[in-house]
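# Close look at the chain arrangement
What follows is each chain in one-letter form.
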Amino acid sequence: MVALDGPSGTGKTTVARRLAERLGAGYLDTGAMYRVITLAVLRAGVDLADPEAVAASALDTVFTIGTSPQRPEIELAGEDVALEIRGPEVNFAVSPVSAVPAVRELLVTRQRALIEEVLTAVGGIVVEGRDIGTVVAPDAPLKVYLTASAEVRAARRSAQDNAAGRDTSHADALASVGRRDRLDSSRATSPLRPAEDAVHVDTSELTIDEVITALGELAGRRGLLTGRTAGAAEAAR
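Residues numbered from 1 in each chain as written. Predicted model: local features only at pLDDT ≥ 70, side-chain atom pairs only at ≥ 80, totals over all residues. Heavy atoms only, no water.

## Let's talk about the packing of aromatic side chains
- In the structure shown here, the tally under the stated rule is zero aromatic pairs.
- The ring of phenylalanine 63 has arginine 110 sitting right over it, with the charged end atom 4.0 Å from the ring centre. (Phe/Tyr/Trp six-rings, centres within 6.5 Å; stacked < 30°, edge-to-face > 60°. Lys NZ or Arg CZ within 6 Å of the ring centre and 35° of its normal.)

Here it is as structure tokens:
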């Protein structure tokens, strides 16, 4: 298992998916789980300032999430919401929803179950989020904390949004990144922080391929490339 944490805009999702493909492993985007809960809360018209109402809405939410790096689909009550959960409304609301302890407890339990299912079925998994190495899977044999400067992360977010048809300026993206960092790092439950034994990787000046190569080498040095994952990693070289 590889636990991949870090703030938004560090390339976590792209890196995690491509690393999982390279290793022949499963993939889990825990952030998407919080986003789909947030979308459900917004659709239900729940007051974000009412944690009990948010928690009740989360408990009633029916969703599925894929664990294949090639097709990590996310559905809310059978509806494909992969694009909608990346929109501005969810971006703004996901931090307060994620800060509700009952929501985190609910999703952490489900995340651990999914991890065990994939490890049993596939033999390996790359999990990305903000509290994987500290809360969800503190015993993961490889924990990585991706970082990048706020300017670089804002530029990436702006480019990503514009490519998806969402008109976002660099200034707006920078403000959004700063706000998300403050909220995620200051919440009382499972704040964003690196695990004590996490390997820090600054992606500011690195390409995606360089990051994946570095992480693949780390996995090899930790003895994680065995069986199917070793064969997949060698084939991907």
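## Looking at the sheet that holds strand 8 (residues 199-202)
- Ordered in space as 2-6-1-7-8, the five strands form an open sheet in which the pairing is parallel. Taken across any chain shown, the strands that pair with only one partner, and hence form the sheet edges, are strand 2 (26-29) and strand 8. When the angles between neighbouring strand axes are averaged without regard to direction, this sheet yields 20 degrees.
- Along the sheet face, helix 1 (residues 12-23) touches strand 1 (2-5), strand 2, strand 6 (125-129) and strand 7 (142-147) and points at about 175 degrees away from the line of strand 6. (Pairing = 2+ DSSP bridges. Helix = DSSP H or I, 4+ residues; strand = E, 2+ residues; numbered from the N terminus. Axes fitted to C-alpha atoms, helices over the stretch in contact; angles between N-to-C directions. Contact = heavy atoms within 4.5 Å.)

## Points about the pattern of salt bridges
- Here the structure, examined in full by the defined rule, presents eleven salt bridges.
- The residue arginine 18 makes a salt bridge to aspartate 209 at a minimum N-O spacing of 2.3 Å. Here arginine 18 is found in helix 1, whereas its partner aspartate 209 is found in helix 9 (residues 208-221), with 191 residues between them in sequence.
- Classification of arginine 18 by relative accessible area gives partly exposed; the value is 36%. (Salt bridge = Lys/Arg side-chain N within 4 Å of Asp/Glu carboxyl O. Buried < 20%, exposed > 50% of the residue type's maximum accessible area, 1.4 Å probe, protein only.)

## Points about the nonpolar core
- By size, the foremost hydrophobic cluster in this structure holds 37 residues, and its most contacted members are Met1, Leu28, Val36, Ile37, Phe63, Ile65 and Val103.
- Broken down by secondary-structure element, the contributors of at least two residues to this core are helix 2 (30-43), helix 3 (51-60), strand 3 (63-65), strand 4 (74-76), helix 4 (88-98), helix 5 (101-121), strand 6 and helix 6 (132-136).
- In terms of residues, this core owes the most to one element, helix 2, which gives eight residues.
- If we ignore the near neighbours within four places in the chain, the residues touching methionine 1 are Ile115, Ile125, Val127, Ile132, Ala137, Ala140, Pro141, Leu142 and Leu224. (Core = buried A, V, L, I, M, F, W, Y, C linked by side-chain atoms within 4.5 Å.)

## Focus on the side chain of threonine 134
- With respect to the element layout, threonine 134 can be found in helix 6.
- For threonine 134, a relative accessible area of 17% translates into the label buried.
- Polar contacts involving the side chain of threonine 134 include one to the main-chain carbonyl oxygen of aspartate 131, which spans 3.5 Å.
- If we ignore the near neighbours within four places in the chain, the residues touching threonine 134 are Asp5, Arg193, Pro194 and Ala195. (Polar contact = N/O pair within 3.5 Å; in protein donor to acceptor, adjacent residues only side chain to side chain.)

## A short note on the sheet that holds strand 3
- Ordered in space as 3-4-5, the three strands form an open sheet in which the pairing is antiparallel. Across the chains shown, the open sheet's two edge strands, defined by having one partner strand only, are strand 3 and strand 5 (79-80).
- Bridge count for strand 4 against strand 5 is two bridges, and the pairing is antiparallel. From the neighbouring strand, glutamate 75 faces strand 5, where its bridge partner is aspartate 80.
- Sheet strands touched by helix 2: strand 3, strand 4 and strand 5. Its angle to strand 4, the strand with the most contacts, is close to 25 degrees.

## As for helix 8 (residues 170-186)
- Here helix 8 is 17 residues long and its end C-alpha atoms lie 24 Å apart, about the 24 Å a rise of 1.5 Å per residue gives.
- Within the sequence span of helix 8, burial applies to Ala173, Val177, Arg180, Asp181 and Asp184. All buried residues of helix 8 lie within an arc of 105 degrees about the axis, which places them on one face of the element. Exposed side chains of helix 8 directed beyond 90 degrees from the buried face belong to Ala171, Arg182 and Ser186.
- Along its buried surface, helix 8 packs onto helix 2, helix 4 and helix 7 (150-163). (Expected span 1.5 Å × (residues − 1). Arc of directions from axis to C-beta.)

## Regarding the UniProt feature "domain: Cytidylate kinase" (unreviewed entry) in the protein
- In the UniProt entry, the feature "domain: Cytidylate kinase" (unreviewed entry) is given for residues 2-215.
- Its end C-alpha atoms 9 Å apart, residues 2-215 is made of 52% helix and 14% strand. (UniProt positions renumbered as here; feature names shortened; annotations may be inferred.)

## Focus: the UniProt feature "binding site: ATP" (unreviewed entry) in the protein
- Using the residue numbers shown here, the UniProt feature "binding site: ATP" (unreviewed entry) corresponds to Gly6, Pro7, Ser8, Gly9, Thr10, Gly11, Lys12, Thr13 and Thr14. Within this annotated set, the largest pocket is lined by Ser8, Gly9, Thr10, Gly11, Lys12, Thr13 and Thr14.
- Counting through the fold element by element, glycine 6 comes out in the loop between strand 1 and helix 1.
- Residue glycine 6 is classed as buried on the basis of its relative accessible area of 0%.
- Glycine 6 has contacts with Lys12, Gly129, Arg130, Tyr145, Leu146 and Leu192, leaving out every residue within four places of it along the chain.
- In this structure, threonine 13 sits in helix 1.
- Ignoring sequence-local partners within four residues, the contact set of threonine 13 consists of Tyr27, Asp29 and Glu128. (1 Å grid on protein atoms, 1.4 Å probe; cavity = no way out; pocket = protein on both sides within 12 Å on 5 of 7 lines; lining within 4 Å.)

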